[in-house]
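Now for the letters of each chain:
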Amino acid sequence: MSSQASNTSLNLAPIPTRESRLQRVTKHFPYWIFPLFAGFFWFGMLWTMIIVWLAQGQPKYTSMSPNQRIAYISDIGADVLKPLFVTGSALTGVFFFCSLLAMRRNHSLIRRLERTLDVLSVLAGFMGAVCLLLLAVFDTRRHPMLHRLFLLLFMLGVVFSALFTTIEYRRLGKTFTEHPILKISYRFKQAIVCGEVALSVGFGVTMYRKLNDVAAILEWLVAFVFTFYVLSFFFDLRPKARTKEELRQETLEHREASESNHGSFAQRILGRTK
């Protein structure tokens, strides 16, 4: 009988699982480099375009209006710096989209609403990333209608992605109160979203009214503020802000405790039988 009890306790003991190499890589991969790369390429591209435009003596490009003095980003990107515009937009879009995907790897999305918000944020971000590349390829000098269409879709994609992400972080901050970085990130993203929406509306209104110089300034401001939104994911993707492994560890500890209690109960029953 004692040998049967011993076999039962051995059978009830949790079997340790060994992580595969892929699991170790995905677990310890520094996902926080994605927003750093996106911010670096985007910010570097913008500053290079401004410096070149100023160094050339603020030339008037063929895509500019007769009464326009300040160039749009698209005006500079449609001229000799188009290869830089296309490359910078492509790299920014890829790493921005990777940052959104990495959020699922770093955080536990417990409720259905959080998972839905995450999917909507990724889809909107994907649309924004693709349209960012397309608006650079179809420049304003050769394809003005397509360029404006993709510009509109890019701005809508980024705004909706930021909106869904902000709501998602508000809920995560309430769930994981031991991570104050989530609440700080939510408030920071909320401020950026409000600022971006206000600047984007102003940009659209002034562009519609043919106030090109004011619209150009607002467009540059929208672009630079987008840099800070992208960089905000750096703090979210650090290991310090991770919530997924914590929840997984709590689940594992709870499972092991339940199995241990079940094993002790079985041993007591078998002892009485003996």
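Numbering of residues starts from 1 in each chain and follows the order in which that chain's sequence is written. This being a predicted model, a pLDDT of at least 70 is required before a residue's local features are given, and a value of 80 or more before pairs of side-chain atoms are given or counted; all residues contribute to the totals for chains, interfaces and linings. Water and hydrogen atoms were dropped before computing side-chain values, which therefore reflect all heavy atoms in the structure.

1. Quick notes on unusual backbone geometry
Okay, so step 1: Of note, Q58 is a non-glycine position whose phi angle comes to about 50°, a positive value.
Okay, so step 2: Comment: elements are numbered from the N terminus, with helices defined as DSSP H or I runs of at least four residues and strands as E runs of at least two. You can see Q58 is positioned in the loop between α3 (33-55) and α4 (73-77).
Okay, so step 3: In the Ramachandran plot, K210 falls in the positive-phi region, its phi being about 65° despite a non-glycine side chain.
Okay, so step 4: Secondary-structure assignment places K210 in the loop between α8 (180-208) and α9 (212-236).
Okay, so step 5: Looking at K210, the relative accessible area reads 55%, which means it is exposed. Throughout, exposure labels follow a simple rule: accessible area from a 1.4 Å probe, protein chains only, divided by the maximum for the residue type, with under 20% read as buried, over 50% as exposed, and the rest as partly exposed.

2. Observations concerning the environment of T140
Okay, so step 1: Locating T140 in the fold gives a position in the loop between α6 (112-137) and α7 (144-175).
Okay, so step 2: On the basis of relative accessibility, which here comes to 16%, the residue T140 falls in the buried class.
Okay, so step 3: C-alpha separation for the pair T140 and T62, spaced 78 residues apart in sequence, amounts to 10.0 Å.

3. Thoughts on the packing of α3 against α9
To characterise two packed helices, one gives the angle between the axes of the helices and the distance between these axes.
Okay, so step 1: Orientation is described by axes fitted as lines to C-alpha atoms, over the contacting stretch for helices, and by angles from 0 to 180 degrees between their N-to-C directions. Taken N-terminus to C-terminus, the directions of α3 and α9 make an angle of 160°; their axes are 8 Å apart at the nearest point. When the axes of α3 and α9 are compared, the pair comes out roughly antiparallel. Seen from above, α3 lies across α9 with left-handed handedness. Between α3 and α9, the residues in contact are P35, L36, A38, G39, W42, F43, L46, W47, M49 and I50 and W220, A223, F224, F226, T227, V230, L231, F233 and F234, respectively.
Okay, so step 2: Under the grouping applied here, Gly and all other residues not named as nonpolar or charged are polar, the nonpolar ones being Ala, Val, Leu, Ile, Met, Phe, Trp, Tyr, Cys and Pro and the charged ones Asp, Glu, Lys and Arg. Residue classes in the contact of α3 with α9 are distributed as 17 nonpolar, two polar and no charged. Orientation is classified from the angle alone, with under 35 degrees giving roughly parallel, over 145 giving roughly antiparallel, 65 to 115 giving roughly perpendicular, and any other angle giving oblique. A crossing counts as left-handed when the near helix is turned anticlockwise from the far one by less than a right angle, and as right-handed when that turn is clockwise. We call two residues in contact when some of their heavy atoms are within 4.5 Å.

4. Here's the deal with the pattern of salt bridges
Okay, so step 1: A side-chain nitrogen of Lys or Arg and a carboxyl oxygen of Asp or Glu constitute a salt bridge if their distance falls within 4 Å. Tallied over the entire structure, the rule returns four salt bridges.
Okay, so step 2: Among the salt bridges present, the one from D139 reaches K82, with a minimum N-O distance of 2.7 Å. Of this pair, D139 sits in the loop between α6 and α7 while K82 sits in helix α5 (residues 82-106), placing them 57 residues apart in sequence.
Okay, so step 3: In this structure, the salt-bridge partner of R142 is D139, at a minimum N-O distance of 2.7 Å.
Okay, so step 4: Through salt bridges with shared partners, one network takes in K82, D139 and R142.

5. Focus: the packing of aromatic side chains
Okay, so step 1: Pairing of aromatic side chains here covers Phe, Tyr and the six-membered ring of Trp, requires ring centres within 6.5 Å, and sorts the geometry by plane angle: under 30 degrees stacked, over 60 edge-to-face, intermediate tilted. This model, assessed by the stated rule, comprises 21 aromatic pairs.
Okay, so step 2: Ring geometry for F43 versus F224: centroids 5.7 Å apart, planes at 75°, classification edge-to-face. Of the two residues, F43 is situated in helix α3 and F224 in helix α9; the sequence distance between them amounts to 181 residues.
Okay, so step 3: A connected cluster of aromatic rings, assembled from ring pairs, spans Y31, F34, F37, F40, F41 and F95.
Okay, so step 4: Put simply, a charge is over a ring when the Lys NZ or the Arg CZ is close to the ring centre, within 6 Å, and near the line of the ring normal, within 35 degrees. Lying across the ring of F233, K189 places its NZ or CZ 4.7 Å from the centre.

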